[in-house]
Structures are given as C-alpha cells and as structure tokens.
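Single-letter residue listing:
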Amino acid sequence: MLTMIPQLIIGATDLAAAFLFMYGLKRMSSPVTAPSGIFVAGLGMLVAVLASFLYIFGVDAAAKPHLPVNIGLAVVALAIGGGAAWWSGKKVAMTSMPQMVALYNGMGGGAAGAIAAVELFGNKAQGTTQLVVTLIGALIGAVSLSGSLIAWAKLDGVINKPLRVKGQQAFNGFVMLATLAVGSYLAFAAESGANPMIGMTGLICLFFGCALIFGVLMTLPIGGADMPVVISIYNAFTGLAVGLEGFVLQNPALMIAGMVVGAAGMLLTLLMAKAMNRSVSNVLFTNFGAVAKHKQGAIKGSLKPVDAGDAGIFMRYAAKVIIVPGYGLAVAQGQQKLYEFVKLLQAARVSVKFAVHPVAGRMPGQMDVLLAEAGVPYDLIFQLEDINDDFATADVALVIGANDVVNPAARTDKSSPIFGMPILNADQAKKVYVVKRGEGKGYAGIVNALFYGDNCDMVYGDAQAVLVKMIEAVRGLGLSAAA
Amino acid sequence: MGITGFVALYIFMLAAFTGWVIIGRVPAILHTPLMSGSNFVHGIVVVGGLFALLNASTATEQAIGFLAVLLGAGNAAGGYAVTDRMLAMFQTSGAKPKHAKSGHAKARRPKKV
C-alpha cells in the first residue's frame, strides 16, 4: 500500500483536479471566460499527472523489480503520445477540428479499454462488482475507440460512403449479443475459476475483438450529416468508460471527471438530436437517406445558374442580406473571404446577418467557430430560432455550402426523410443565391426544392473562389457609389 | 481507500448532475469548444493508465499499460491543444458589448487568469 505522505499528496491533487475540471468547464460556458476555462482545466490535468508518479511509492511487491522499466516506459509513453497529439492539435486546420476531436476521443476510449485489459489479464479485480464494472467499462471504451476511428475516417474523407447492406441491423444486434455473451462467460469463468476452452487470455482477446468490431459495424452505416451526433455520443461513452474504470482503480478523480463528461455528452447529444427533430436511436439505427429517392414528389422548375459577380453586385444594392453558412464553406476554407465580402457590403450600408443552423457543419457550433476564426463579431451571428422570422423581410438569402438545413421539404413533404426537422426559412427571402460546388445532393441524399424555386439562382463553384469573384465585382463598382 | 457500492453510486449521481447542469446553460455558439473541452477532461484517464503501468508486473501488462498511457496522453494533450486554439479565437472577437452595432467597437481582450 501507499505510504502515508504520498497517499495524502495524491489524494489532495486528485481532489484539486476534480475541482479544477468542473470549475474550468463552468467557465467554458460563457464566451468571455471560456479561454481561461480550458487553462484552469489544463492546470488540473497537469497536477494530477505529476502527482500520479507518486504511485511508485506504493506499488505491489510483484511489480517492484519492474519499477525502473515501468517508470521509463511511462515517461516515454507520455512524451510520445502527448507530444504527437499536441503537435497535430496545434498544426491541423480549423476546418479539420471535428475529426481531430473524434480521434482524440477514440484515444481516450482506447486508454480506458487498455486499463480494463490490464486489470483483466492481471486478474486484479476484487469481487464480482469490480469485475463486472471492469467489463462494462472495457466494452464501452472499446466501442468508443473503434467507433471514433470510423467517425474520424468518415470526416477525413478516408471513407466516403455510408456502408449499408441488407440485414445489417440484425447482424449488428447479433454481434452485440455475442459480445455480451462472451463478457458474461468471462465474468463467470473468472469468478468460478473454470477453465474455458480457449483459455482466459483467448477469452479476453475475443471479448475485446467483439467489442471493437461492434463499434466499427455500428458506425459504418451512419451518414456524414449525422456525425456530430455520433461524435457527441462517443464523447459521452468515453467519459462513462473512464468513470467506470475510475471506480475499478478506486480513483475518485477519474470517477467524477468521467461521469461529468458522460452526463454532459449525453445532454449535448440529446440537444443536437432535438435540433434535427430525430431521436438518438433514430440517428443510430435508421439507415437515413436510403429510403428517400423513390418516394419524392416531382419537383417543378429548373436550376438557374448565374455568374458570381452578378450575384455579388445584386447583394451590394440590397438592403438586407442573410447568410447561411454550411459545411461547403468549411471545406473551401472560405470563411476569411466571406467576412471580407461582408465588410464590403457593410461599407455599402447593407444590413448583413449570419444565420447558423444548430447542425450546420459536422459538429454543433462548427460554423460559429469558423466565423469566429474569420473575425466575424458575435452580434452578427444568429441561431435558428432568433432569425427565422427575418428571412421573410430579407432581400437576399445567401446560402453557402449548406443544403439539407434549408430544404423546405422538411416543412412540406411528409415523405421526405428530413420531414419535421427545423430548417432555416431561406426560401422566404425575396431572392436566394446558393453557392455550391455542383449539382450534387446534400448528405441526406435528397433533392432540395429550394434550388428549383423561382426566386433562387445557383452560383456554381468552390465557395472561396466564388467569394473572391464577388469581392472583385463589388470592388469594381467603387465604394463611393454607396446608394 | 474503499469506494464501494452506494458511495460510488452517490459520487456518480452527483457528478452526472454536475455535468448535466454545466452543459444545460451553455449557448449553442460554444457547443463545439465545449465538446472538445469535455473531450480533454476525460483525458484524465491517463492517470489511470499511469497507475496500471507503474503496477505492471508482466510483459503483457507493461505493453498494455504503455498503450494506455500513450493513448491517454494523446487524448489529454490533443484535446487541450485543439480546445485552446478554438477558444483563443473567441477571445479576440468575443469581448464586444452586445449592443455595439458594427465597426467602431474596440476589441477589448478579457483578462487571462
């Protein structure tokens, strides 16, 4: 057991860390205090990690001879893992943030799973409760690891298409049940001392294998548009797994931090699912978009392409413009050019507002972050419920790289898979410009009636290139010609 | 120590409420940084990994413990780096008073802790 003094220091630092995490998260709930919030939480992490080296004073007798090697391994692992992740986190483009969060989250899930594996291989669990909790934590952590990696691959474009086959859900259910069965048998074997056919080691490996495969299978059929919800769920999963392993290790800091994140992540998931007017289980288990194509009513009208410069000049002489940014803006890295264009419009006394849909982009609030990066002030950015009535009085709605979140079918077409989802009423503006790379469909895979409306023109091209053309056209008029 | 049964459940329950309440008051604009921030917080798992690795007595345990620390450290460091970058951007544009229309409101930086 630990000797008295190190034990007290570890206890005190863990307590401090738990406090700093919660205080930090609290500070992150307001834009003004948010940057200091992460600093506070980081401080908590630093002291907790440093103090955990005091565990060397209390290692088991069996581990004593290995201690120098173990300390060396710990330092190397901290340096490599921490260094590589720090470097990649600092270097990655802002638009790639969602997949990086998915990746780091998967690492956390993997770490929780690995801790469980050490406990299981070492047969360290004391009593049935600890054993069962270890197994549950291992299952959740492993699912979070492989699921997050698939989410990362999807967001990064490594995997392009949702993979859907017939009978997939039944098969996934079967894998889930198999995982649970292996886990139960594992618990039984460990408790009763029975010797399973493939040996304890084999059984543990089988258990982790099943859990990892289930995570992959569960995530593969989910479409890109639903990834925000999925990342949020896995974030909550990892938190839960960490909390459970914290119980196994009898570490209250892990229990508290893990459970705080688990609950927070669950609430965030529910909020996001609500914004899409779908239940969480609907996101996870419905092959979204697969049913859509045949049932759709015929859409009248045609797509009308216009020149980017003409669209820019039209907006220059409008009185009120509302901009709807979407994932396409993030892909094209067009946020800086967009704000440059907006500043030109503002100089010409055009009232400009941004309308952000709760699930625009690939993470909740991703558009807010992008616009903030470009320097757009907060007071120009409005959330769905605050701005939706404004579209009716707007001269122009400029939709950049957004699709499903402005599809009027969500209001009118009962057969549409997105029916009932709250959308931005861009179609009610007097004039709608849609900036799009091509005639493709959104992630929901359905045709957007907005694009065929009489008041809508299409501006084809990469969002950034289009915005450059608009800026040039408006500059060409000269700012002195303000109406 | 000895956190067992109901004591553990009390800890879990209170922590869950705390998480729920903290997120419930967050404006949508901060959802991404907050998801990233909570992602960083569960990086505390690295402490559990360190405990497991330092107490490892076989090669298997050492290998898996090494993996646990490696992944946990990645979770913590990466989560911090990304969140810090996101929030730094809010810092510059965020200090404006609400009623400032456009243009001449000076960017007042909030004090660092």
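What to know about the overall build of chain B
Piece 1. A count of helices and strands for chain B gives four helices and zero strands.
Piece 2. In chain B, the succession of α and β elements from N to C terminus is α-α-α-α.
Piece 3. When burial is assessed residue by residue, chain B has 59% of its 113 residues classed as buried.
Piece 4. For chain B, restricting intrachain contacts to residue pairs at least 6 apart in sequence, the fraction spanning at least 24 positions comes to 52%.
Piece 5. Accessible surface computed for chain B: about 5000 Å², of which carbon and sulfur atoms make up 67%.

Description of the overall build of chain A
Piece 1. Along the backbone of chain A there are 18 helices and six strands.
Piece 2. The principal-axis extent of the C-alpha atoms belonging to chain A is close to 85 × 50 × 30 Å.
Piece 3. By the burial criterion, 57% of the 483 residues in chain A qualify as buried.
Piece 4. Surface exposure of chain A reaches about 18800 Å², of which carbon and sulfur atoms provide 66%.
Piece 5. Once the 32 positive and 26 negative side-chain charges of chain A are each reduced to a mean point, those two points are 3 Å apart.

Notes on the nonpolar core
All names here are of chain A.
Piece 1. By size, the foremost hydrophobic cluster in this structure holds 157 residues, and its most contacted members are M315 and M470.
Piece 2. For M315, the residues in contact, after removing those within four places along its chain, are V321, F341, L345, V350, V396, L398, Y433 and M470.
Piece 3. In terms of nonpolar packing, the next biggest core, distinct from the first, is built from 27 residues, A394, V399, A402 and M421 among them.

Let's talk about the interface of chain A and chain B
Piece 1. Taken together, the contact between chain A and chain B spans 108 residues of the former and 85 residues of the latter.
Piece 2. Summing the contributions of chain A and of chain B, the shared interface buries around 8700 Å²; its carbon and sulfur component is 78%.
Piece 3. Between chain A and chain B we count one salt bridge in total.
Piece 4. Measuring nitrogen to oxygen at the nearest pair gives 3.7 Å for the salt bridge that ties D84 of chain B to K90 of chain A.
Piece 5. In this assembly, chain A and chain B are joined by 13 residue pairs in polar contact (both at pLDDT 80 or more).
Piece 6. Counting residues per element, the ones that place at least two in the side of chain A that touches chain B are α1 (4-27), α2 (34-52), α3 (67-91), α4 (97-121), α8 (227-248), α9 (252-275) and α15 (366-374) of chain A.
Piece 7. Here the element with the most residues in the side of chain A that touches chain B is α3 of chain A; it accounts for 17 residues.

A few points about the confidence of the model for chain A
Residues and elements named next belong to chain A.
Piece 1. Overall, the predicted model of chain A reaches an average pLDDT of 84, with 92% of residues at or above 70.
Piece 2. When the elements of chain A are averaged for pLDDT, helix α11 (residues 292-295) gives the smallest value, 41, and α3 the largest, 93.
Piece 3. Ignoring residues within four places in sequence, the model shows residues 288-296, a span with pLDDT below 50, making 16 contacts including any to other chains.

A short note on the pattern of salt bridges
Residues and elements named next belong to chain A.
Piece 1. Counting across every chain of the model gives eight salt bridges over all chains.
Piece 2. A salt bridge links K320 to D390; its shortest N-O distance comes to 3.8 Å. Placement of K320 in strand β1 (residues 320-325) and of D390 in the loop between α16 (384-387) and β4 (396-400) is noted, with a sequence separation of 70 residues between them.
Piece 3. The exposure class of D390 is buried, given its relative accessible area of 18%.
Piece 4. Within this structure, K320, K353 and D390 form a network of salt bridges that share partners.

Here we look at the packing of aromatic side chains
Aromatic ring pairs are defined here through the distance separating the ring centres and the angle between the ring planes.
Piece 1. Within the structure shown, the criterion is met by nine aromatic pairs over all chains.
Piece 2. Measuring from centroid to centroid gives 5.7 Å for F207 of chain A and F208 of chain A, while their planes differ by 70°, and the two rings are edge-to-face. Comparing F207 of chain A with F208 of chain A shows no difference in burial state: the two are buried.
Piece 3. Joined through ring pairs, the aromatic side chains of W86 of chain A together with F40 and Y80 of chain B make up one cluster.
Piece 4. Sitting over the ring of Y317 of chain A, R316 of chain A keeps its end group 4.4 Å from the ring centre.
Piece 5. Sitting over the face of the ring of F382 of chain A, K353 of chain A holds its NZ or CZ atom 5.1 Å from the ring centroid.

So, a nonpolar patch on the surface
Piece 1. Together, F6, L9, Y10, M13, L14 and F17 of chain B line one region of the surface with nonpolar side chains, adding up to about 720 Å² of accessible area.
Piece 2. Here F6 of chain B is to be found in helix α1 (residues 5-24).

Digging into the sheet that holds strand β5 (residues 431-436) of chain A
Residue and element names in this part refer to chain A.
Piece 1. Taken in spatial order, the six strands line up as β3-β2-β1-β4-β5-β6 in an open sheet, and their pairing is parallel. Bordering the open sheet on either side are β3 (381-383) and β6 (456-460), each of which pairs with just one other strand. The mean inter-strand angle of the sheet, taken between neighbouring strand axes irrespective of direction, is 25°.
Piece 2. In the sheet, β1 pairs with β4 via five bridges, with the strands oriented parallel. Bridge assignment links I322 to a residue of β4, and that residue is A397.
Piece 3. Sitting on the sheet, helix α12 (residues 308-316) touches β1, β4, β5 and β6, and the angle it makes with β5 is about 140°.
Piece 4. Against the sheet, α15 contacts β1, β2 (351-356) and β3, and its axis sits at roughly 145° relative to β2.

Quick word on the packing of α4 of chain A against helix α7 (residues 199-219) of chain A
Residues and elements named next belong to chain A.
Piece 1. Where α4 meets α7, the axes come as close as 11 Å, and the angle between the chain directions of the two elements is 160°. Taken as axis vectors, α4 and α7 run roughly antiparallel relative to one another. As α4 packs across α7, the resulting crossing turns out to be right-handed. Contact residues: α4 offers G113, A116, A117, L120 and F121, while α7 offers T201, I204, C205 and F208.
Piece 2. The class makeup of the residues in the contact of α4 with α7 is seven nonpolar, two polar and no charged.

Comments concerning unusual backbone geometry
With the exception of glycine, most residues fall at negative phi, and the peptide bonds are largely trans.
Residues and elements named next belong to chain A.
Piece 1. Of note, the phi angle at Q333 is positive, near 55°, even though the residue is not glycine.
Piece 2. If you trace the backbone, Q333 turns up in the loop between α13 (327-332) and α14 (335-347).
Piece 3. Unusually for a residue other than glycine, R349 sits at a positive phi of about 60°.
Piece 4. Of note, R349 is situated in the loop between α14 and β2.
Piece 5. Looking at R349, the relative accessible area reads 66%, which means it is exposed.

Re the confidence of the model for chain B
Residues and elements named next belong to chain B.
Piece 1. Per-residue pLDDT for chain B has a mean of 78; in total, 75% of the residues score no lower than 70.
Piece 2. pLDDT under 50 marks residues 92-113. Its contacts with residues more than four places away, or in other chains, come to 25 contacts.
Piece 3. The complex prediction reports pTM at 0.77, with the ipTM value standing at 0.80.

What counts and what doesn't
Residues numbered from 1 in each chain as written. Chains lettered and ligands numbered in written order. Predicted model: local features only at pLDDT ≥ 70, side-chain atom pairs only at ≥ 80, totals over all residues. Heavy atoms only, no water. Helix = DSSP H or I, 4+ residues; strand = E, 2+ residues; numbered from the N terminus. Buried < 20%, exposed > 50% of the residue type's maximum accessible area, 1.4 Å probe, protein only. Contact = heavy atoms within 4.5 Å. Areas by Shrake-Rupley, 256 points an atom, 1.4 Å probe, with all protein chains shown as cover. Lys, Arg positive; Asp, Glu negative; His and termini not counted. Charge placed at Lys NZ, Arg CZ, Asp CG, Glu CD. Core = buried A, V, L, I, M, F, W, Y, C linked by side-chain atoms within 4.5 Å. Buried area = accessible area lost by both parts, 1.4 Å probe. Salt bridge = Lys/Arg side-chain N within 4 Å of Asp/Glu carboxyl O. Polar contact = N/O pair within 3.5 Å; in protein donor to acceptor, adjacent residues only side chain to side chain. pLDDT = per-residue confidence, 0-100. Phe/Tyr/Trp six-rings, centres within 6.5 Å; stacked < 30°, edge-to-face > 60°. Lys NZ or Arg CZ within 6 Å of the ring centre and 35° of its normal. Patch = residues over 30% accessible without salt bridge, like charges linked within 9 Å, V, L, I, M, F, W, Y side chains within 5 Å. Pairing = 2+ DSSP bridges. Axes fitted to C-alpha atoms, helices over the stretch in contact; angles between N-to-C directions. Parallel < 35°, antiparallel > 145°, perpendicular 65-115°, else oblique. Left-handed = near helix turned anticlockwise from the far one by under 90°. Nonpolar A, V, L, I, M, F, W, Y, C, P; charged D, E, K, R; others polar.

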